[in-house]
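Descriptive analysis of the structure
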Amino acid sequence: ATGELDRTVALVTGASSGIGAATAKTLAAAGASVALAARRADRLETLATAIEDNGGTALAIPTDVTDGTAVEEMIERTTEAFGGLDALVNNAGVMLPAPVERADPDDWRRMVEVNLLGTMNVTRAVLPALRAGDGGHVVALSSDAIQSPSARFGAYAATKAGVVAFADSLRAEVADDGVRVTVVEPGVTDTELPDQVTDEGTKADVETLVASMRALDGEDVAAAVRYALTRPAHVSVDRLTVRPTDAG
Ligand code: NDP
């Protein structure tokens, strides 16, 4: 094989759909061995088979990123299977927008637990393996929602702004070890993300918004992740914003 990521082992969280699935496929096509994490085991197995059928290397590791023990096991299984771990893509996330006054606090908690604490916990668990390797890379999915504020997205945007703050500090902390940190901030991307929205009026509005434009596909965002991972070791791609042209 002659892929740019031939010697890279990558772990992608939220790999069962959308941006995560597209990223896993893209990185595998570039030669990376990919570990696939999310809760839906059947989706991960189907994706792993598709990647293997395409000549790639993949391992499905069903994991809930909010479960600390499961996260530790996920890292162990990855390093055992592939002999190390070079890149983490913190992509698992939920988006549950609603007006502040009628928002369900359980939705707020879930977004903080998955988007923010999930990213923090998985990152912490992965760092020893990254430091042990030949330079490492942490990618985190934030969102253009923090640069382009819109009503009802405050709690979601707060978790994604938290991801940026965490990543920016981490970058300063691990640079001396040759570990790089990249934040990717997509605009509207056509995925299964709106399916989880619990506030019915908001769900319809989100679906209308996605349908109103030529939204990004998961592959468009995956290409940004690939770009960051394939720069030479001395180049740190700190933040990448990728938005639909139609969004203006
Ligand atoms: P999807 O809903 O298609 O994918 C979300 C992924 O996260 C799924 O694979 C889901 O898998 C996984 N996930 C959710 N909760 C957990 C959990 N507790 N543990 C492990 N995995 C979990 O949406 P997208 O592909 O759009 O979202 C990917 C990321 O991109 C998210 O962080 C999202 O916030 C971000 N983003 C998306 C944008 C968009 O417009 N779509 C714009 C900006 C950012 P499972 O349910 O199987 O666990």
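Look up a bit, the structure's there.
Now for a description of the structure that goes with this document.

Cut-off values and rules
Here the residue numbering is sequential within each chain, running from 1 through the sequence in written order. Restriction of local features to residues with pLDDT of at least 70 applies here, the model being predicted, together with a cutoff of 80 or more for giving and counting side-chain atom pairs; totals for whole chains, interfaces and linings are based on all residues. The side-chain quantities take in all heavy atoms of the structure and omit both hydrogens and water. The rule for a residue being near a molecule or strand is that one of its heavy atoms must lie within 4 Å of it. Polar contacts, as used here, are pairs of N or O atoms within 3.5 Å; protein pairs need one atom able to donate a hydrogen and one able to accept it. Residues neighboring in sequence count only if both atoms are side-chain atoms. Polarity classes work like this: nonpolar for Ala, Val, Leu, Ile, Met, Phe, Trp, Tyr, Cys and Pro, charged for Asp, Glu, Lys and Arg, and polar for all others, with Gly in that last group. Each patch is built from salt-bridge-free residues with over 30% relative accessible area, joining like charges within 9 Å and nonpolar side chains (Val, Leu, Ile, Met, Phe, Trp, Tyr) within 5 Å. Exposure was quantified through the Shrake-Rupley algorithm and a 1.4 Å probe, taking into account, for residues, occlusion by the shown protein chains and nothing else. One speaks of a salt bridge when a side-chain nitrogen belonging to Lys or Arg is within 4 Å of a carboxyl oxygen belonging to Asp or Glu. By definition, any uninterrupted DSSP run of H or I lasting at least four residues is a helix, any uninterrupted run of E lasting at least two residues is a strand, and each is numbered from the N terminus. Residue burial is assigned from relative accessible area. The probe radius is 1.4 Å, only protein chains are included, and a residue is buried under 20% of its type maximum, exposed over 50%, and partly exposed in between. Paired strands, as defined in this entry, are two strands with at least two bridges between them according to DSSP. Orientation is described by axes fitted as lines to C-alpha atoms, over the contacting stretch for helices, and by angles from 0 to 180 degrees between their N-to-C directions. Any angle between 65 and 115 degrees counts as roughly perpendicular, while under 35 counts as roughly parallel, over 145 as roughly antiparallel, and the rest as oblique. For any pair of crossing helices, the crossing counts as left-handed if the nearer helix is rotated counterclockwise from the farther one by less than a right angle, and right-handed if it is rotated clockwise. Whether two residues touch is decided by their heavy atoms; if any such pair falls within 4.5 Å, the residues are in contact.

Observations concerning the site of the ligand
Lining the immediate environment of the ligand, one finds 27 residues, of which Ser 16, Ser 17, Arg 39, Tyr 156 and Thr 191 sit closest. Measuring from an oxygen atom of the ligand, one finds a side-chain N or O atom of Arg 39 at 2.7 Å. Here Tyr 156 contributes a side-chain N or O atom positioned 2.6 Å from an oxygen atom of the ligand. By residue class, the composition of the shell around the ligand is 10 nonpolar, 12 polar and five charged.

Thoughts on a nonpolar patch on the surface
A surface patch of nonpolar side chains, about 200 Å² in accessible area, is lined by Val 112, Leu 117 and Met 120. Within the secondary structure layout, Val 112 lies in helix H4 (residues 105-132).

With respect to the pairing of strand E7 (residues 239-242)
Residues Leu 240 and Val 242 of E7 are buried on one face, while the alternating residues Arg 239 and Thr 241, pointing to the opposite face, are not. Here strand E6 (residues 179-186) pairs with E7 via four bridges, running parallel. Paired with Pro 186 across the strands is Val 242, a residue of E7.

Focus: the environment of Gly 31
Checked against the element boundaries, Gly 31 lands in the loop between helix H1 (18-29) and strand E2 (33-37). For the pair Gly 31 and Ala 247, spaced 216 residues apart in the sequence, the C-alpha separation amounts to 33 Å.

Points about the packing of H1 against helix H7 (residues 218-229)
Running from N to C, H1 and H7 cross one another at 50°; their axes reach a closest spacing of 8 Å. Considered as vectors, H1 and H7 are oriented oblique to each other. Between H1 and H7 the crossing geometry is right-handed. For the pair H1 and H7, contact is made by Gly 18, Ile 19, Ala 22, Thr 23, Thr 26 and Leu 27 and by Gly 218, Glu 219, Val 221, Ala 222, Val 225, Arg 226 and Leu 229, respectively.

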